[in-house]
Amino acid sequence: MGGVLIALIGVVFIFLLMGVRVVRQGYVYTIERLGKYTLAANPGLHVIIPFVDRVGHKVNMMEQVLDIPGQEIITKDNAMVGVDAIVFFQVLDAGKAAYEVSNLYVAIMQLTTTNLRTVMGSMDLDETLSRRDEINAKLLMVIDHATAPWGVKITRIEIKDIRPPADISNAMARQMKAEREKRANILEAEGLRAAEILRAEGEKQGAILSAEGRKEAAFRDAEARERSAEAEARATKVVSEAIAGSGSQALNYFVAQKYTEAVAAFATSPNAKTILFPVEATQLIGSLGGIGELVRDSLGTGEGKK
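Quick notes on the rules
Residues numbered from 1 in each chain as written. Predicted model: local features only at pLDDT ≥ 70, side-chain atom pairs only at ≥ 80, totals over all residues. Heavy atoms only, no water. Patch = residues over 30% accessible without salt bridge, like charges linked within 9 Å, V, L, I, M, F, W, Y side chains within 5 Å. Areas by Shrake-Rupley, 256 points an atom, 1.4 Å probe, with all protein chains shown as cover. Salt bridge = Lys/Arg side-chain N within 4 Å of Asp/Glu carboxyl O. Helix = DSSP H or I, 4+ residues; strand = E, 2+ residues; numbered from the N terminus. Expected span 1.5 Å × (residues − 1). Buried < 20%, exposed > 50% of the residue type's maximum accessible area, 1.4 Å probe, protein only. Arc of directions from axis to C-beta. Contact = heavy atoms within 4.5 Å. Pairing = 2+ DSSP bridges. Axes fitted to C-alpha atoms, helices over the stretch in contact; angles between N-to-C directions. Phe/Tyr/Trp six-rings, centres within 6.5 Å; stacked < 30°, edge-to-face > 60°. Lys NZ or Arg CZ within 6 Å of the ring centre and 35° of its normal. Polar contact = N/O pair within 3.5 Å; in protein donor to acceptor, adjacent residues only side chain to side chain. 1 Å grid on protein atoms, 1.4 Å probe; cavity = no way out; pocket = protein on both sides within 12 Å on 5 of 7 lines; lining within 4 Å. Points joined across faces, edges and corners; volume = space filled by probe spheres on them. Nonpolar A, V, L, I, M, F, W, Y, C, P; charged D, E, K, R; others polar. Core = buried A, V, L, I, M, F, W, Y, C linked by side-chain atoms within 4.5 Å.

J.: I tried to follow a nonpolar patch on the surface on my own but got confused; where do I start?
T.: A cluster of nonpolar residues, Leu5, Leu8, Ile9, Val12, Phe13, Ile14, Phe15, Leu16, Leu17, Met18, Ile49 and Phe51, forms a patch on the protein surface that exposes about 1200 Å² of accessible area. Along the chain, Phe51 turns up in the loop between β4 (44-47) and β5 (53-60).

Structure below.
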């Protein structure tokens, strides 16, 4: 009896041990009872009925990356291009992902391949090379809608590489080189034109300023001559009035003054060592005598007035 009891306890323990299942984080196990899907076991410890319940599928619930192999696609303008892509997806419903589609990864890969041919086949080569964002958006919308019944969410689709034919690549390289040379020539021509315009503007401004300077200088010269003439006229008027009022005495005074200034200039000359007067001394004495008479007359007149 003791051995039977121990054997019975051992069988019960093994039976219970077979019914314990631990689900890892990031996964969901589908539980089938007698071959029928009954529940989805989330991460943690679960107990099932051995020989009645079993784990059907271990579904990865994390976001996954599926690499779409390279393929050749004919564009709208009959150009053959090679394309590589990647698909990011996440399972949202483990039951649908396990039982609504036979092989989830192959199904997503084939669905992406066919729609990639459809989308890029409706575009020209230039459009396929320049509109990657538009291609990605179209593929995402179509494939996400198609995989929704499988409990899958397509998060992103990215075109990794687009390889045009070698001859088209060479032609595009030559076209790009010619376009860059064209832009360089245009920029150089525009730079030369701008330099010529600036140079012409500078010469124009210089000519204008020079003309204005000459105009201002001429105006200043004319003004100076006019003022000099006015001063000379006033001096002449004063001399004339003095001569008219005093007669020959004023005339003698002015002549003697100029004569004396001329002789003083000869005396103060730095190169003059000896002065020879080409005039008679009596002329200078006569002039000085005339000045003295003028002074006496003026003093006598003043005393008479007093």
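J.: Please clarify how helix α5 (residues 132-147) should be interpreted in this entry.
T.: Because an α-helix completes one turn every 3.6 residues, residues spaced three or four positions apart along the sequence face the same direction. With 16 residues, α5 ought to run about 22 Å at 1.5 Å a step, and its terminal C-alpha atoms sit 22 Å apart, in line with that. For α5, the set of buried residues is Ile135, Asn136, Leu139, Ile143, Asp144 and Thr147. The buried residues of α5 occupy an angular sector of 140° when the element is viewed end-on, so they sit on one face. Summarising the geometry of α5, the exposed residues directed more than 90 degrees from the buried face are Asp133, Met141 and His145. On its buried face, α5 is in contact with α3 (104-121), α4 (125-130) and β8 (152-163).

J.: Before we go on, may I ask you to explain unusual backbone geometry in this structure?
T.: For residues besides glycine, phi is generally negative; the peptide bonds are generally trans as well. For Leu34, which is not a glycine, the phi torsion comes out positive at approximately 55°. When you line up the elements, Leu34 lands in the loop between β2 (27-33) and β3 (36-41). Given the relative accessible area of 71%, Leu34 is considered exposed.

J.: Looking at this model, I keep getting lost on the sheet that holds strand β6 (residues 64-74). Mind explaining?
T.: Sheet strands line up and pair through hydrogen bonds in the backbone, either parallel or antiparallel. Across the sheet, 3 strands lie side by side as β6-β7-β8; this open sheet has antiparallel pairing. The sheet is open, and its two borders are formed by β6 and β8, each paired with just one other strand. Strand-to-strand twist of the sheet, defined as the mean angle between neighbouring strand axes without regard to direction, takes the value 20°. Where β6 and strand β7 (residues 80-91) come together, 9 bridges link them in antiparallel fashion. Pairing of Val65 across the sheet is with Phe88, part of β7.

J.: Help me understand the sheet that holds β3 in this model?
T.: Taken together, 3 strands build an open sheet; the order of strands is β3-β2-β5 and the sheet is antiparallel. Every interior strand has two partners, whereas the edge strands, β3 and β5, have only one. In this sheet, neighbouring strand axes are inclined to one another by 30° on average, regardless of whether the strands run parallel or antiparallel. Note that β2 and β5 share 6 bridges and pair antiparallel. Counted as the bridge partner of Val28 is Val59 from β5.

J.: Where do I start with the packing of aromatic side chains in this structure?
T.: Any two aromatic rings considered together are summarised by their centre-to-centre distance and by the angle between their planes. Scanning the model with the defined rule gives 2 aromatic pairs in all. When the centroid spacing of 5.2 Å and the interplanar angle of 45° are considered together, the rings of Tyr37 and Tyr99 count as tilted. Taken together, the residues span a long stretch of sequence, with Tyr37 in strand β3 and Tyr99 in helix α2 (residues 94-99) at a distance of 62 residues. Take Tyr99: its relative accessible area is 33%, and that puts it in the partly exposed class. The interplanar angle of 70° and the centroid separation of 5.9 Å between the aromatic rings of Phe89 and Tyr105 together place this pair among those described as edge-to-face. Separated by 16 residues along the polypeptide, Phe89 in strand β7 and Tyr105 in helix α3 bring together distant segments of the chain. For the cation-ring pair, Arg24 lies above Tyr27, with the distance from its terminal atom to the ring centre recorded as 4.6 Å.

J.: I tried to follow the side chain of Asp53 on my own but got confused; where do I start?
T.: Among the secondary structure elements, Asp53 is positioned in strand β5. When near neighbours in sequence (up to four residues on either side) are disregarded, Asp53 contacts Ile31, Glu32, Arg33 and Ile48.

J.: Please explain the side chain of Thr112 as it appears in this structure.
T.: As for its placement among the helices and strands, Thr112 is situated in helix α3. A residue is classified by how much of its surface remains accessible, and Thr112, at 1% relative accessible area, is buried. Engagement of the side chain of Thr112 in a polar contact is seen with the backbone oxygen of Ile108, the distance being 2.8 Å.

J.: Is there a simple way to think about the layout of surface pockets in this case?
T.: One water molecule sets the probe size; rolling that probe over the atoms shows where empty space is left. Taken as a whole, the largest pocket spans an internal volume of roughly 180 Å³. As for the largest pocket, its lining consists of 13 residues, of which Val59, Ala97, Ala98, Leu104 and Tyr105 are closest to the centre. Among the secondary structure elements, those contributing two or more residues to the lining of the largest pocket are β5, α2 and α3. With 4 residues, the top contributor of residues to the lining of the largest pocket is β5. Residue classes in the lining of the largest pocket are distributed as 7 nonpolar, 5 polar and 1 charged.

J.: Just to check I follow, could you spell out the pattern of salt bridges for this structure?
T.: Tallied over the entire structure, the rule returns 13 salt bridges. What you see here is one network of salt bridges that share partners, running through Glu127, Arg131, Glu134 and Lys138.

J.: Looking at this structure, I do not really get the nonpolar core. What am I missing?
T.: For soluble globular proteins, nonpolar side chains are generally found buried alongside one another. Of all hydrophobic cores here, the largest spans 35 residues; its most connected members are Leu104 and Leu116. Secondary-structure elements contributing two or more residues to this core are β6, β7, α2, α3, α5 and β8. Here the element with the most residues in this core is α3; it accounts for 7 residues. Excluding its chain neighbours within four sequence positions, the residues that come into contact with Leu104 are Phe89, Val91, Ala97, Trp150 and Val152. Ranked by size, the runner-up nonpolar core spans 6 residues in total, among them Val23, Tyr27, Tyr29 and Ile31.

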